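# Fold and contact review
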Amino acid sequence: MRRLTGLLTRAAFALGLAAAAASIATAPARAEDPSVSLIQLRAYIIVPVGLDQGKFKEAGVAVDPKIVTDNLLINEAMSANTSEVGITGATYQALAAPDLPYSIIAVAEQSPEAVGVMTAADSEIKSLADLKGKTIAGGDGEPIAYLQEALADVGVHKGDYKYVKIEASTGAAALASKQIDAWVSYNPFIAANVSKGLAKVIFTPSTKYFNNFVIILATKKAIAEKPDALAAFLKGYGKSLEWVQSNKDAAVQAYSKATGLEPDVAAATFAKRNQQFKSPDASVVADFSREAQLYIKYGLIPAEPDWSKVMTTEIWDRAFKK
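Small disclaimer: the values here were computed from a predicted structure and weren't measured.

With that settled, the discussion passes to the overall build of the chain. Across its full length, the chain carries 15 helices and 11 strands. For 322 residues, the compact-globule estimate of 2.2 N^0.38 gives 20 Å, and the chain exceeds it by more than 25% at 25 Å. Counting only C-alpha atoms, the chain reaches 110 × 45 × 35 Å along its principal axes. Per-residue burial over the chain gives 49% buried out of 322 residues. A separation threshold of at least 6 residues defines the contact pool for the chain, and within that pool the share at least 24 residues apart is 81%. For the chain, the exposed surface amounts to about 15,600 Å²; the carbon and sulfur share of it is 54%. Looking at the chain, you have 34 positive and 34 negative side-chain charges, and the mean spots of the two groups are 6 Å apart.

With 90% of its residues at a pLDDT of 70 or more, the chain has an overall mean of 90. Averaged over each element, pLDDT in the chain is lowest for helix α1 (residues 2-26) (42) and highest for helix α10 (residues 227-246) (98). Predicted confidence for residues 1-29 stays below pLDDT 50, and this span has zero contacts to residues more than four positions away or in other chains.

Our next topic: the packing of helix α11 (residues 248-259) against helix α12 (residues 263-271). Packing of α11 against α12 brings their axes to within 9 Å, and their N-to-C directions diverge by 120°. One element, α11, and the other, α12, form an angle in the oblique class. In this structure, α11 crosses over α12, and the sense of that crossing is right-handed. Residues Lys-248, Val-252, Tyr-255 and Ser-256 of α11 touch α12, and the partners they reach there are Pro-263, Ala-266, Ala-267, Thr-269 and Phe-270. Per-class residue counts for the contact of α11 with α12 are six nonpolar, two polar and one charged.

Once that is clear, we can look at the pairing of strand β11 (residues 275-278). Because side chains alternate across β11, one face comprises the buried residues Gln-275 and Phe-277, and the other comprises Gln-276 and Lys-278, none of which is buried. Pairing of strand β4 (residues 102-110) with β11 involves two bridges; the strand directions are antiparallel. Looking across to β11, one finds that Glu-109 is bridged to Gln-275.

All right, on to unusual backbone geometry then. In the segment running from Asn-187 into Pro-188, the intervening peptide bond is cis, with an omega of 20°. Along the polypeptide, Pro-188 turns up in the loop between β8 (182-186) and α8 (189-195). One non-glycine residue, Asn-81, lies in positive phi territory at about 60°. Structurally, Asn-81 can be placed in the loop between α4 (71-79) and β3 (85-89). The partly exposed category is assigned to Asn-81, whose relative accessible area is 36%.

Moving on to the sheet that holds strand β9 (residues 199-203). In a beta sheet, neighbouring strands are held together by backbone hydrogen bonds and run either parallel or antiparallel to one another. Taking strand neighbours across the sheet as the criterion, the five strands line up as β7-β6-β8-β5-β9 in an open arrangement whose pairing is mixed. What marks the edges here is a single partner per strand, and that holds for β7 (162-165) and β9. Averaged over all pairs of adjacent strands, the angle between their axes in this sheet comes to 35°, without regard to strand direction. Pairing of strand β6 (residues 135-138) with β8, which is carried by two bridges, proceeds in the parallel orientation. Bridging across to β8, Ala-137 finds its partner in Trp-183. Sitting on the sheet, helix α6 (residues 145-153) touches β5 (115-120), β6, β8 and β9, and the angle it makes with β5 is about 65°.

Another aspect to go through is α12. For α12, the set of buried residues is Val-265, Ala-266, Thr-269 and Phe-270. End-on, the buried residues of α12 take up no more than an arc of 135°, which puts them together on one face. Against the buried residues of α12 lie α8, α10, α11 and β11.

What follows covers the environment of Ala-77. Relative to the helices and strands, Ala-77 resides in helix α4. Judged by relative accessible area, which is 8%, Ala-77 ranks as buried. Sequence spacing of Ala-77 and Thr-219 is 142 residues, and the spatial spacing of their C-alpha atoms is 9.9 Å. Apart from the residues within four sequence positions on either side, Ala-77 is in contact with Ile-39, Thr-82 and Ser-83.

Turning to the sheet that holds strand β1 (residues 35-41), a few remarks are in order. One open sheet holds the six strands; their spatial order is β2-β1-β3-β10-β4-β11, and the pairing between them is mixed. The open sheet is flanked by β2 (62-68) and β11, the only strands paired with a single partner. With strand direction ignored, the average angle separating the axes of adjacent strands in the sheet is 25°. With seven bridges joining them, β1 and β2 adopt parallel strand pairing. Bridged to Ser-37 within β2 is Asp-64.

Here is what the cut-offs are and how they apply
Residues numbered from 1 in each chain as written. Predicted model: local features only at pLDDT ≥ 70, side-chain atom pairs only at ≥ 80, totals over all residues. Heavy atoms only, no water. Helix = DSSP H or I, 4+ residues; strand = E, 2+ residues; numbered from the N terminus. Rg over C-alpha atoms; globule rule 2.2 N^0.38 Å. Buried < 20%, exposed > 50% of the residue type's maximum accessible area, 1.4 Å probe, protein only. Contact = heavy atoms within 4.5 Å. Areas by Shrake-Rupley, 256 points an atom, 1.4 Å probe, with all protein chains shown as cover. Lys, Arg positive; Asp, Glu negative; His and termini not counted. Charge placed at Lys NZ, Arg CZ, Asp CG, Glu CD. pLDDT = per-residue confidence, 0-100. Axes fitted to C-alpha atoms, helices over the stretch in contact; angles between N-to-C directions. Parallel < 35°, antiparallel > 145°, perpendicular 65-115°, else oblique. Left-handed = near helix turned anticlockwise from the far one by under 90°. Nonpolar A, V, L, I, M, F, W, Y, C, P; charged D, E, K, R; others polar. Pairing = 2+ DSSP bridges. Arc of directions from axis to C-beta.

In structure tokens form, the structure reads like this:
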């Protein structure tokens, strides 16, 4: 009798294990979090307007946005994984860093006309050639590569001028007080100071000097853990772009409201932006590679970034099934 009881007990235990295993096998996979945290420069119109129009919600993703005025804050947030998605200008010094914690998942713009060199409105400086012996300020620790190349083309070399790093928020004051002679900046700062009569633009680069790619980044952690949410974000971005291009006046109004920019500054900023929403494929890699050569030429990076680690088409392909 004891033997029969033992056999029944062991059989019940085995059945229990089998039932547990079956339950685990048939349990649904844990749902992916359908949200992303975003940090971007105030210069970019698509996400603020897309959020205002509900385009990201329609795509199935909740976006927690943070809008800033400094690229450095974006790099810090992405490196620390405090933001999962970032939209910013291509900073080759950051892209060349070893063990980069984020990847480019899309290219949003190619907008060289959105950047440039300003002087005070009443300055006698009329061109880059007049900057010999002057003080130039910019947001990078060293003069950006496009500026060095353009200056060299008019016979002004690095030892011919003084360069200082300056925050974007203080550039206008430094220019007005004659602490600097020229300021390397971008829209909306250019538009704001020109519209107020405080500054004039003496140089705008062409693609010969600078592509000014705007890139959409995602942390490698988010790419691994939230690929569907990131794909939904790209879908929402694409739908937002379509709406902006079809409703330009309304888009500028929404952009102005979301960022606090004056309507004329918002309009001028938008006008200088060349939207080119596309996959970071081999053709994009080739363009980035050519531009990186200028950074190497002027000693701003020691070598090209490893593009296989910098860019991925995985999220784009997932979003648009290419």
